[in-house]
Amino acid sequence: MSTGNQDNPFEIAQRQINACADILKLDESTRQGLLHPMREFHVTFPVHMDDGTTRLFKGYRVQYNDAKGPTKGGIRFHPDETIDTVRALAAWMTWKCALLDLPLGGGKGGVICNPKELSQQELERVSRGYIKAIASFIGPDKDVPAPDVYTNPQVMAWMVDEYSSIVGKNQFGVMTGKPLVIGGSPGRGDATARGGLYTLREAAKKIGLDLGKATIAVQGFGNAGSFAASLAESLFGSKIVAVCDSRGAVCCLGGFSAMAVNQHKQATSTVLECAGGECITSDELLEMDVDVLVLAALEGTLTQRNAGRVKAKIVMELANGPTTPEADEILYEKGVHVIPDFLCNAGGVTVSYFEMVQNASMYYWDEKEVHEKLDKRMTRAYHEVAEMSEKHAINMRKAAYAVAVARVVEAMKVRGWV
Ligand code: GLU
């Protein structure tokens, strides 16, 4: 199933499951049940391009484990998408939902495409074509997709519309992360970053860091990274001293204004040449002497190659899978407090769950209520993981696995699967 490459995300996900199965002393059939996706779909679908040609696109949807409820997880549009990446991400969604104690399983989808090279019309046709291809496998009580890398509320709206016409009725609950006007939840837009910052607040208390005086470097300036920068500034008064995107990095030891970086990025599509910023390399950003390093780009950022040079006191993983297991051990030995991805970035799916609840009940909450409920769940999950980490002297990721996987296994057991 995997390629024999130790950086392959699914191999990493499987190694993490094996380590957790050892900690939890799981029997062989339970271990095997956790190591593989329950179902996966590979689809190829045609899209009419603006120049009159028709192109075939390839997509995947993996439903990793639905013991605790319908599978849940985003759809990525990325030129480098692979089935193993989607499998890994679907596994991580399973643990993420369980860790936050949501009544959901884990899934993930992906289409191999480069949205930066598609017109809006082509993007709409790719979105609709993918949903047409997977429509019979998803549904509000089966599998509920959401935005992820390079997909957004507009893409969700096209997908909901396509699915609704296929089933012959409005089915807003089939996707989350929708625009508000068609059943989106207040607070979903910045939920991933906000949830991560709630865990950062708890982590800072634990290690005695004053966030009001803290310096932060943000790697990745998409949805999660840009909201994390502006919220860290507005909620805590922290100083953003470096940011980067796929084109490069800039630093400003006196501190950037997150709003100014956001405006610059919107105007020029990059953070490079942002006023007051000095050009550095993305590797230099990761190794800066800051209090908090926010990882908000893609998987595989911190590896055994560079983890030893990380100087941050806290690493906040808003991306999925940014740290390899080897890097985890190095950071743990150095005493870096890592808030692992499927804890740190669980705010997105938690508010997605709130969106599902609101869609099903046809009653909508206000933003304050969403923030309070999100804070409560993120804070509880953080402390459950921190306690497990201390009790068993294991790193925060292993602790998060132990809490989450135990819940999935319990559901599998009571259902008679293992
Ligand atoms: N794509 C987000 C994640 O990786 C959100 C998933 C969802 O809301 O279902 O957690």
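In case you missed it, the structure is sitting above this.
Basis of the calculations
- Residues numbered from 1 in each chain as written.
- Predicted model: local features only at pLDDT ≥ 70, side-chain atom pairs only at ≥ 80, totals over all residues.
- Heavy atoms only, no water.
- Helix = DSSP H or I, 4+ residues; strand = E, 2+ residues; numbered from the N terminus.
- Rg over C-alpha atoms; globule rule 2.2 N^0.38 Å.
- Buried < 20%, exposed > 50% of the residue type's maximum accessible area, 1.4 Å probe, protein only.
- Areas by Shrake-Rupley, 256 points an atom, 1.4 Å probe, with all protein chains shown as cover.
- Lys, Arg positive; Asp, Glu negative; His and termini not counted.
- Charge placed at Lys NZ, Arg CZ, Asp CG, Glu CD.
- Patch = residues over 30% accessible without salt bridge, like charges linked within 9 Å, V, L, I, M, F, W, Y side chains within 5 Å.
- Salt bridge = Lys/Arg side-chain N within 4 Å of Asp/Glu carboxyl O.
- Pairing = 2+ DSSP bridges.
- Axes fitted to C-alpha atoms, helices over the stretch in contact; angles between N-to-C directions.
- Expected span 1.5 Å × (residues − 1).
- Polar contact = N/O pair within 3.5 Å; in protein donor to acceptor, adjacent residues only side chain to side chain.
- Near = heavy atom within 4 Å.
- Contact = heavy atoms within 4.5 Å.

> What's the story with the overall build of the protein chain in this structure? I'm lost.
What the protein chain contains, in helices and strands, is 14 helices and twelve strands. Its C-alpha radius of gyration of 20 Å places the protein chain within 12% of the 22 Å reference for a compact globule of 418 residues. C-alpha atoms of the protein chain, sized along the principal axes, occupy 55 × 55 × 45 Å. Here the protein chain holds 418 residues, and 61% of them are scored as buried. For the protein chain, the exposed area adds up to about 16700 Å²; of that, 52% sits on carbon and sulfur atoms. In the protein chain, which carries 45 positive and 50 negative side-chain charges, the distance between the mean positions of the two groups comes to 4 Å.

> So what exactly am I meant to see when it comes to a nonpolar patch on the surface here?
On the surface, Met38, Trp417 and Val418 cluster together to form a nonpolar patch covering roughly 230 Å² of accessible area. In this structure, Trp417 sits in the segment after helix 14 (396-414).

> Whenever I open this one, the sheet that holds strand 10 (residues 292-295) confuses me. Can you help?
The pairing of strands in a sheet comes from backbone hydrogen bonds and takes either a parallel or an antiparallel form. One open sheet holds the seven strands; their spatial order is 9-8-7-6-10-11-12, and the pairing between them is mixed. Each edge of the sheet is formed by a strand with only one pairing partner; in this case those strands are strand 9 (278-280) and strand 12 (337-339). Mean inter-strand twist for the sheet, computed between neighbouring axes without regard to direction, equals 20°.

> Teacher, can you tell me more about the pattern of salt bridges here?
When the charged atoms of two side chains lie near each other, side chains of opposite charge can form a pair. All chains considered together, the criterion is met by 33 salt bridges. Residue Glu390 is joined to Lys206 by a salt bridge in which the shortest nitrogen-to-oxygen separation is 2.9 Å. Here Lys206 lies in helix 6 (residues 191-207) and Glu390 lies in helix 13 (residues 367-392), a separation of 184 residues in the sequence. On the basis of relative accessible area, Glu390 is assigned to the exposed category, the value being 54%. Taken together, the shared-partner salt bridges connect Glu124, Arg128, Asp161 and Glu162 into one network.

> Help me understand helix 14 in this model?
At 3.6 residues per turn, the α-helix brings residues three or four places apart onto the same side. Compared with an ideal rise of 1.5 Å per residue, which puts 19 residues at 27 Å, helix 14 spans 28 Å between its outermost C-alpha atoms and is within 8% of the ideal. Where burial is concerned, most of helix 14 is hidden: 14 out of the 19 residues are buried. Its side-chain oxygen at 3.0 Å from the backbone nitrogen of Arg397, Asn395 defines the N-terminal cap of helix 14. Once helix 14 ends, the next one or two residues include Gly416, with phi positive near 80°.

> Can you walk me through the site of the ligand in this structure?
Surveying the vicinity of the ligand reveals 14 residues, the closest of which are Lys72, Lys96, Lys108, Asp148 and Ser352. Contact distances for the ligand include 2.7 Å between an oxygen atom and a side-chain N or O atom of Lys72. A distance of 3.1 Å separates an oxygen atom of the ligand from a polar atom in the side chain of Arg188. Listed by contribution, the elements that provide at least two residues to the shell around the ligand are strand 3 (71-77), helix 3 (83-99), strand 5 (143-147) and helix 12 (347-361).

> Sorry, what's going on with the sheet that holds strand 1 (residues 39-48) here?
Strand order in the open sheet formed by five strands is 1-2-4-3-5, and the pairing between neighbours is mixed. The sheet is open, and its two edges are formed by strand 1 and strand 5, each paired on a single side. Averaged over all adjacent pairs, the angle separating strand axes in this sheet is 20°, with direction ignored. Here strand 3 pairs with strand 5 via five bridges, running parallel. Residue pairing for strand 5: Gly73 is matched across the bridge by Pro145.

> Looking at this model, I keep getting lost on the pairing of strand 8 (residues 248-256). Mind explaining?
Each regular strand shows side chains that alternate between the opposite faces of the sheet. Relative to strand 8, strand 7 (residues 239-245) runs antiparallel, the two being bridged by five bridges. Paired with Asp245 across the bridge in strand 8 is Gly248. The antiparallel hairpin formed by strand 7 and strand 8 contains two residues in its connecting segment. Two strands pair when backbone bridges link them, and strand 8 and strand 9 are joined in this way by three bridges, in the antiparallel orientation.

> Would you explain the environment of Thr85 in this entry?
Summarising the element assignment, Thr85 is placed in helix 3. Residues Thr85 and Phe10 lie 75 residues apart in sequence; the distance between their C-alpha atoms is 6.1 Å. Setting aside anything within four residues of it in sequence, one finds Thr85 in contact with Pro9, Arg76 and Glu299.

> I tried to follow the pairing of strand 2 (residues 54-65) on my own but got confused; where do I start?
Across ten bridges, strand 1 lies against strand 2 in antiparallel orientation. By the bridge assignment, Phe45 is partnered in strand 2 with Phe57. Between strand 1 and strand 2, which follow one another and run antiparallel, lie five residues, and Gly52 among them has a positive phi close to 95°. For strand 2 and strand 4 (residues 105-111), the ladder comprises six bridges, and the chain directions are antiparallel. Among the inter-strand pairings, Tyr60 is bridged to a residue of strand 4, identified as Gly110.

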